[in-house]
Amino acid sequence: MNMFWLLVSMVFCNGLFMSTSTSVSTRPSVVNIGAILSFDSSIGKVAKIAIEAAIKDVNDNSSILNGTTLKIVMQDSKLSSGFLGIVEALRFMENDTVAILGPQHSVMAHVISHIANELNVPLLSFAATDPTLNSLQFPYFFRTTQSDIFQMAAVAEIVAYYEWRDVIAIYIDDDYGRNGVAALGDKLAEKRCKISYKAPLSPNLTREDIRNALLQVALMESRVIILHIYATWGLEVLDEAKKIVSGPNGMMGNGYVWIATDWLSTVLDTDSSLFSATTDSSQGVLTLRMHTPDSELKRKLVSRWSNLTIENANKSLFGLNTYGMYAYDTVLLLAHALDDFFNQGNNISFSNDTSLTEFDGGNLHFDAMSIFNGGSQLRKNILEVNTSGVTGKIKFTPDYNLIHPSYEVINVIGTGVRTIGYWSNSSGLSVMPPGKLNANPNASISNQPSLYGVIWPGQTNQKPRGWVFSSNGRQLRVGVPIRVSYREFVSRPEGADMFGGYCIDVFLAAKDALPYPVPHKFIPFGDGRKNPINNDLLHRITTGDFDAVVGDITITTNRTKIVDFTQPYIESGLVVVAPVSKLNSSAWAFLRPFTPMMWCVTGISFLLVGAVVWILERRINDEFRGPPRKQFVTIVWFSFSTLFFSHRERIASTLGRLVLIIWLFVVLILNSSYIASLTSILTVEQLSSPVKGIESLITSNDPIGYLRGSFAENYLTVELNIHKNRLVALNSPNEYEKALRDGPRKVGGVAAVIDERAYMELFLSTRCEFGIVGQEFTKMGWGFAFPRDSPLAIDMSTAILKLSENGGLQRIHDKWLTRSACSSEGSKQDVDRLQLTSFWGLFLLCGSACFLALLLHLIKMVCQYMKHSDGRSKSFISFVKEKEEDADKMQFEEGKSGAKRRRSDKVSNGRVHEDETLDGYNHGAYTGYEV
């Protein structure tokens, strides 16, 4: 820090005045502020006039500072952003300055911010957009324009909107350029995009430097170029790009995308004549402009701008750019903050920095540097300002940025520009201005990223692909595994550099379908004695040894984490291959459709249904009555005759009919299933194997073979938890055959081999004693591998899909992988016998019906018994054995005899009553007579 003050002291070595303190009344008549500008730059010359106009407007408006006049001292930093410019800019500090407007350049702002911190002087910059200036390191720095963090977010969203993955950044190599590109990289990463190449340019660059950088850029694959540079050199870069031999219009021709940051819109808004001179070199370029909503203040400033430039710029006319508007609002912001400062009763006072007293004496008067005592309070007032200006609402967010950052997306067309959309931090890309989106919440919610059509470089409206295969003369290095087995997929003749096979032909056909040439070179991988490890081959892509890998490479989850795969060009899941034998027909073949359990349950069900129907019918149906022997025969006969729907017994009861109709439905299903299974057994050749599939292998302890170098080893041990000691690595189909013939009981033998279906189909084409058992237990495919985020992988996937649609893949498959007669015989593994689990629903339905019918029948019997018993001692069992008709007849007869008895009793009782009545009458008469 002392060395820095030693350098700065050169500015004050010519008799600066000395003072210990200065104080002014609460409402001073004049307040001194400073400004650091580059008067000859596009931003500086506009900002100078805008600041002067704002100072005049503030001083003329007594309602803002209540009579206090702002006095500004401007220092020209020239076009330099280095130390010399800083020294010139620091001269205004000879006066008591409460705030500084500027500086214009981010590099200068970094250095002067240290001085502002030391002197407690707020630094309000309307043009320093470096996002790192917002840090806590510079509490007295205020950016009164939009930060590049938002501009780079807009650029990243444009890149993602057009579905580009990689971009090239050309930038000035200083704080402004480096930090801006760093922010761009972060924002692109959020969109899963990246900067594939950075081309830094020296701040003191020449035309030759620009040309050399562009020549390197032209050799890259990406054609999306982000140009983040100063306006003084931006047009020079575009002009040189047009001259680079890379097509009819150089690097400004068809296929290229140029996105310039807001330096280009600043040039276009400021000096239209300069743009007209270089219009050919900027056709189709996209650029950004800070969006300022329409307002009365803005219209007034725009309308008087011509007069202001004539009065203050030696009658030279230039336009008003957005930085000029923000410079104007910076003065308004500071004026309102000062007004609040004075309203709070604060004074403007300065005091010496005691840390500089050690430098007292001699000709270096450091004690002339004064600290603004009210700087801390003024800083708080600046952060609390909430007003409106020509750029819209003026208010800071908690992270010291202006609220509502937004940009216009501009397309340079012909001799003018066209706004194709807007970007805002809240709503992203849209064709509607942010103000309208914010005013309409429904529109903001339903808004989807969108832009109007663009005229791209080369005068085309077709969206550029955004990349081409590298034209730096280097061929695509394609790694190819040297296999010792299944050479139908990948092979290389001895002593030749040519490769052949199914995978090679698919790759060449897809490459030829690309809309651009891709020079390539096949590089063998492996020693030719054993199959190479595919994971090792893919790892060579990550180390940069290979640009692609072509071969029988299975797409797995772990592999997709290190490389990008194309669309699968063949499906190939894992299958189990084991020895199989033909099943000869036998006298008992008719029993094979059902398992023993199924036969038992079916037989028991027949008898059970017969018994239930007998119970329901025997009391009302004579065909189910008789001696016990006859009833047993009836039950058995009725049960099994339903198998052929030939039962002759008539069913009288409703419950019996319900049970029978459900049982006949069950019999129909069982009968149909049995016939279908038996037909398959007797007409199709059946193969049998002790291994039934992957499940039986997992539960056993038999050794399992796999192809060395395949992912199957990891899958079996990690996913299926098969112990590694059970796995036997094999190298070729001949080793497969020998190990399977030896079996699990011999050393080196296996019970089964697990490999991909594509391999196994070739293996089985000439070996009929083996077969695939069980189902394919993984669903995977083969693809070509490329580095992560490689655009070539996407284009190759599209080419593979086209081959699949036009039959190209099938023709290549038929050429290399045509099956022989053995694998096309249509033999099949032993069909699974019909299990009880397939029919338990039917049996449950039938059983439920039987149970319900018996329950209802029992309830009916109990009610009848209660009705017929009438207190008699007949047992329930005896009642059940009786025929219902006989019981009813007996009850009827008993009821009839009972009625007769009641009638005779009634007659007898009537006579007795009549006699008694008559006797009473006579007795009364007699008694009367006596009297």
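The structure presented is a predicted model; accordingly, all values stated were derived computationally and were not measured. (Residues numbered from 1 in each chain as written. Predicted model: local features only at pLDDT ≥ 70, side-chain atom pairs only at ≥ 80, totals over all residues. Heavy atoms only, no water.)

1. Some points on the overall build of the protein
In terms of helices and strands, the protein carries 31 helices and 33 strands. In the protein, the proportion of contacts linking residues at least 24 apart, taken out of those at least 6 apart, comes to 73%. Summed over its atoms, the accessible surface of the protein is roughly 44300 Å², and 55% of this surface lies on carbon and sulfur atoms. (Helix = DSSP H or I, 4+ residues; strand = E, 2+ residues; numbered from the N terminus. Contact = heavy atoms within 4.5 Å. Areas by Shrake-Rupley, 256 points an atom, 1.4 Å probe, with all protein chains shown as cover.)

2. Remarks on a nonpolar patch on the surface
On the surface, a cluster of nonpolar side chains totalling about 470 Å² of accessible area is made up of Phe851, Leu852, Leu855, Leu856 and Ile859. Note on placement: Leu852 falls in helix α29 (residues 840-869). (Patch = residues over 30% accessible without salt bridge, like charges linked within 9 Å, V, L, I, M, F, W, Y side chains within 5 Å. Salt bridge = Lys/Arg side-chain N within 4 Å of Asp/Glu carboxyl O.)

3. A short note on the packing of helix α2 (residues 42-60) against helix α12 (residues 296-312)
The contact between α2 and α12 brings their axes to 10 Å, and the two run at 105 degrees. Our classification of the angle between α2 and α12 gives roughly perpendicular. Judged by residue contacts, Val46, Ile49, Ala50, Glu52, Ala53 and Asp57 of α2 engage Arg304, Trp305, Leu308, Thr309 and Asn312 from α12. Among the residues making up the contact of α2 with α12, the classes are represented as six nonpolar, two polar and three charged. (Axes fitted to C-alpha atoms, helices over the stretch in contact; angles between N-to-C directions. Parallel < 35°, antiparallel > 145°, perpendicular 65-115°, else oblique. Nonpolar A, V, L, I, M, F, W, Y, C, P; charged D, E, K, R; others polar.)

4. Looking at the nonpolar core
With 104 residues, the main nonpolar core has Ile51, Leu70, Val98, Phe126 and Leu338 as its most contacted residues. Sorting elements by how many residues they give to this core places helix α13 (residues 322-343) first, with 14 residues. Apart from the residues within four sequence positions on either side, Leu70 is in contact with Val31, Ile55, Val58, Asn59, Leu65, Val331, Ala335 and Leu338. Ranked by size, the runner-up nonpolar core spans 52 residues in total, among them Ala510, Phe522, Tyr736 and Trp782. (Core = buried A, V, L, I, M, F, W, Y, C linked by side-chain atoms within 4.5 Å. Buried < 20%, exposed > 50% of the residue type's maximum accessible area, 1.4 Å probe, protein only.)

5. Description of the packing of α13 against helix α14 (residues 375-384)
Running from N to C, α13 and α14 cross one another at 125 degrees; their axes reach a closest spacing of 8 Å. As far as their axial angle goes, α14 and α13 are oblique. Judged by the sense of rotation from one axis to the other, the crossing of α13 with α14 is right-handed. Residues Leu333, Ala337, Leu338, Asp340 and Phe341 of α13 touch α14, and the partners they reach there are Gln377, Leu378, Asn381 and Ile382. Counted by class, the contact of α13 with α14 contains six nonpolar, two polar and one charged residues. (Left-handed = near helix turned anticlockwise from the far one by under 90°.)

6. Some points on the pattern of salt bridges
When the charged atoms of two side chains lie near each other, side chains of opposite charge can form a pair. Summed over all chains, the structure comprises 34 salt bridges. Across the pair Arg483 and Asp552 runs a salt bridge whose closest N-O atoms are separated by 2.6 Å. Of the two residues, Arg483 sits in the loop between β19 (476-481) and α17 (502-512) while Asp552 sits in the loop between β21 (548-549) and α19 (557-560), which places them 69 residues apart along the sequence. Each member of the pair, Arg483 as well as Asp552, is classed as buried. For Lys738, the salt bridge goes to Asp742, with nearest N and O atoms at 3.1 Å. Residue Lys738 and its partner Asp742 are both found in helix α25 (residues 733-742); the two are separated by four residues, about one turn of the helix. In the salt-bridge network here, residues are joined through shared partners; they are Arg207, Arg211, Glu236, Asp239, Glu240 and Lys243.

7. Observations concerning the side chain of Thr556
Note on placement: Thr556 falls in the loop between β21 and α19. Owing to a relative accessible area of 14%, Thr556 belongs among the buried residues under this scheme. Sequence-distant contacts of Thr556, defined by excluding residues within four places in its chain, comprise Phe711 and Met780.

8. Observations concerning the packing of aromatic side chains
Counted according to the given criterion, the structure contains 27 aromatic pairs. Both rings, one in Tyr162 and one in Trp456, keep their centres 5.1 Å apart while their planes meet at 80 degrees; by these two values the pair is edge-to-face. Of the two residues, Tyr162 is situated in the loop between α6 (148-161) and β7 (166-172) and Trp456 in the loop between α16 (441-446) and β19; the sequence distance between them amounts to 294 residues. Each member of the pair Tyr162 and Trp456 is classed as buried. Here the aromatic rings of Tyr502 and Tyr569 are separated by 6.0 Å at their centres, their planes lie at 45 degrees, and the arrangement is tilted. Of this pair, Tyr502 sits in helix α17 while Tyr569 sits in the loop between β22 (564-565) and β23 (570-571), placing them 67 residues apart in sequence. Judged on exposure class, the residue Tyr502 and its partner Tyr569 are both buried. The ring of Phe39 carries the charged tip of Lys48 above its face, separated from the ring centre by 5.6 Å. (Phe/Tyr/Trp six-rings, centres within 6.5 Å; stacked < 30°, edge-to-face > 60°. Lys NZ or Arg CZ within 6 Å of the ring centre and 35° of its normal.)

9. Topic: the environment of Ser77
Note that Ser77 resides in the loop between β3 (69-76) and α4 (83-89). Each C-alpha atom, one on Ser77 and one on Pro103, is 8.5 Å from the other, the two residues being 26 residues apart in sequence.

10. Let's talk about the pairing of strand β24 (residues 574-579)
Burial runs high along β24: five of the six residues are buried. The pairing of β24 with strand β29 (residues 752-756) spans four bridges and is antiparallel. Bridge pairing in β29 places Val575 opposite Asp755. Summarising the sheet, β24 and strand β30 (residues 770-773) pair through four bridges and their orientation is antiparallel. Residue pairing in the sheet places Val577 in a bridge with Ile772 of β30. (Pairing = 2+ DSSP bridges.)

11. Some words on the environment of Thr634
When you line up the elements, Thr634 lands in helix α21 (residues 628-641). Along the backbone, Thr634 and Gly610 are 24 residues apart, and their C-alpha atoms lie at a distance of 8.5 Å.

12. Comments concerning unusual backbone geometry
Peptide bonds are mostly trans, and most non-glycine residues show a negative phi. With an omega of 0 degrees, the peptide bond between Gly102 and Pro103 qualifies as cis. Secondary-structure assignment places Pro103 in the loop between β4 (99-101) and α5 (106-119). One non-glycine residue, Tyr400, lies in positive phi territory at about 70 degrees. Mapped onto the fold, Tyr400 is located in the loop between β15 (392-394) and β16 (406-413).

13. A few points about the sheet that holds β29
Strands sit in the order β28-β27-β29-β24-β30 across an open sheet of five strands; the sheet is mixed. The open sheet has two edge strands, β28 (727-730) and β30, and neither has a second partner. The mean angle between the axes of side-by-side strands here comes to 35 degrees, regardless of whether they run parallel or antiparallel. Where strand β27 (residues 704-707) and β29 come together, three bridges link them in parallel fashion.

14. Overview of the sheet that holds strand β5 (residues 123-125)
Ordered by their spatial adjacency, five strands build an open sheet running β3-β2-β4-β5-β6, and the pairing between neighbours is parallel. Looking at the sheet topology across the chains shown, the edges are occupied by β3 and β6 (141-143). Across the sheet, the mean angle from the axis of one strand to that of its neighbour is 25 degrees, orientation sign disregarded. Sheet analysis places strand β2 (residues 30-37) next to β3, joined by eight bridges and oriented parallel. If you follow Val31 over to β3, its bridge partner there is Leu70. Across the sheet, α5 touches β2, β5 and β6, and the angle it forms with β5 is around 160 degrees.

15. Re the side chain of Lys511
Relative to the assigned elements, Lys511 resides in helix α17. Setting aside anything within four residues of it in sequence, one finds Lys511 in contact with Val518, His520 and Met796.

16. Observations concerning the confidence of the model for the protein
Chain-level pLDDT for the protein is 82 on average; 79% of the residues reach the 70-or-more range. Within the model, pLDDT remains below 50 along residues 1-25, and this stretch shows 49 contacts once partners closer than five positions in the same chain are excluded. Across residues 911-931 the pLDDT falls below 50, and counting only partners more than four positions away or on other chains, this stretch makes zero contacts in the model. (pLDDT = per-residue confidence, 0-100.)

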